[in-house]
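# Descriptive structure summary
What follows is the residue order along each chain.
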Amino acid sequence: MSLNPEMEGKQKMRINLAVAAAALVLMNGEAIAKEATANITVPKMDCDSCAVVIKRALTKTAGVKSTAIDTDKRLVKVVYEDSAVSEAQLHQAIEKTGFEVRVPVKTK
Ligand SMILES: [Cu+2]
């Protein structure tokens, strides 16, 4: 069985188009890398020195863009790159400093 050269050419072109489309999707994914915000409650974070320790740990974590801490509300607000780090990893980074994280119960 021999392939019709014209058919073969068309097939190659179709494959090239598919590759180009896939590359475009990848590039788009890069361009719209999502930024997410996590509001993490740290019940025992009660003063500025606690806040400093936690902020430092988060700042060192890859994918974290910024952190804002409210010690009165025991709340850590983290803006992070969705594709680089997960919220669970942010919790882990905080817990490594010795502070427990209260995971919010998801409500419908
Ligand atoms: Cu403290």
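In this report, the structure presented in the accompanying data block is examined.

### Some thoughts on the sheet that holds strand 1 (residues 35-41)
- Spatial ordering of the open sheet is given by 1-3-2, a layout of three strands whose pairing is antiparallel. Every other strand in the sheet has two partners, leaving strand 1 and strand 2 (64-70) as the edge strands with one partner each. Averaged over all adjacent pairs, the angle separating strand axes in this sheet is 15°, with direction ignored.
- The pairing of strand 2 with strand 3 (residues 75-81) spans six bridges and is classified as antiparallel. Bridge pairing in strand 3 links T67 to V78.
- Where helix 2 (residues 48-59) meets the sheet, its contacts fall on strand 2 and strand 3, and the angle it forms with strand 2 comes to roughly 165°.
- The strands that helix 3 (residues 87-95) touches are strand 1 and strand 3; relative to strand 1, the one it contacts most, it runs at about 45°.

### As for the environment of V76
- Mapped onto the secondary structure, V76 falls in strand 3.
- Here V76 falls in the buried class, since 25 other C-beta atoms lie within 10 Å of it.
- Once you skip the residues sitting within four places of it in the chain, V76 turns out to touch I40, V42, I54, T67, I69 and I94.

Criteria and cut-off values
Residues numbered from 1 in each chain as written. Predicted model: local features only at pLDDT ≥ 70, side-chain atom pairs only at ≥ 80, totals over all residues. Pairing = 2+ DSSP bridges. Helix = DSSP H or I, 4+ residues; strand = E, 2+ residues; numbered from the N terminus. Axes fitted to C-alpha atoms, helices over the stretch in contact; angles between N-to-C directions. Contact = placed C-beta atoms within 7 Å. Buried ≥ 20, exposed ≤ 12 C-beta atoms within 10 Å, placed from the backbone.

Nothing here speaks to function; it is geometry throughout.
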